[in-house]
Amino acid sequence: MKRTLARIAALTTLVVSSLVLAAPAHALSPGDQAADACGTGYHVQDSHEMGGANEVVAFLLYNNSTGYNCAVTVKSTGNDYYGVATGLGAGIIKSGGSWSKDDKSYKYYAGPVYVHAPGACVQFWGHATDITTTNVRELYFTSPWEFCG
């Protein structure tokens, strides 16, 4: 019994040590963050940089299996306010429908918001509050109608 417990303790120490010493995962790209937010099977269809230097990006994603579109607005890890709650929004609409939006203060991303739009055109929307040492400005983007049919 003592030998079994000793083996379990040694194995546990080995596993924990290997997890602690493992190299940290690299930071996800904004597109990968958006895909993770939407869920399994989503891929980026379009994106729009807001605020320069890829700091905030609005994304439109699509899932071929389900026919759902997803919108997410992501702060990149290079954003000075990554991890700090600031105004951030994502939205989506299909032709003939009404906007679905998520627009609040977020640390990392806004959304996801979804629309099922097979055979319809969609637009996506993004919002970000850009805070500098001298002012606060609101950045907005609305895509043209796209991905019709």
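It should be noted that the structure appears before, not after, this text.
Sequence order as written defines the numbering, with residues in each chain counted from 1. Thresholds applied to this predicted model are a pLDDT of at least 70 for local features of residues and 80 or more for the giving and counting of side-chain atom pairs; totals over whole chains, interfaces and linings are not thresholded and use all residues. Water and hydrogen atoms were dropped before computing side-chain values, which therefore reflect all heavy atoms in the structure.

(A) Broad picture of the overall build of the protein chain. Here a helix means four or more residues in a row that DSSP labels H or I, a strand means two or more in a row labelled E, and each is numbered from the N terminus. For the protein chain, the count of helices and strands is two helices and eight strands. Along its sequence from the N terminus, the protein chain presents helices and strands in the succession α-α-β-β-β-β-β-β-β-β. Relative accessible area decides the class of each residue, using a 1.4 Å probe on protein chains only: under 20% of the type maximum gives buried, over 50% gives exposed, and in between gives partly exposed. Taking all 149 residues of the protein chain together, the buried fraction comes to 37%. The contacts in the protein chain between residues at least 6 apart in sequence include a share of 47% that link residues at least 24 apart. Residue burial considers only the protein chains on display, and all accessible areas are found by Shrake-Rupley using a 1.4 Å probe. On the protein chain, roughly 8,600 Å² of surface is accessible, and the fraction owed to carbon and sulfur atoms is 56%. Any two residues whose heavy atoms approach within 4.5 Å are treated as being in contact.

(B) Inspection of the sheet that holds strand β2 (residues 56-63) at higher detail. DSSP bridges decide pairing: two strands pair if at least two such bridges lie between them. Strand order in the open sheet formed by four strands is β1-β2-β3-β6, with antiparallel pairing between adjacent strands. With one partner strand each, in any of the chains shown, β1 (42-50) and β6 (109-116) form the two edges of the open sheet. Pairs of neighbouring strands in the sheet enclose a mean axial angle of 15 degrees, with direction left out of account. By the bridge criterion, eight bridges tie β1 to β2 in an arrangement that is antiparallel. Residue pairing across strands places Met50 opposite Val56, the latter belonging to β2. Fitted lines through C-alpha atoms serve as axes, helices being fitted only where they are in contact, and the angles separating the N-to-C directions of these axes extend from 0 to 180 degrees. Each of β1, β2, β3 (68-75) and β6 is contacted by helix α2 (residues 30-38), which is oriented at about 130 degrees to β3, the strand it contacts most.

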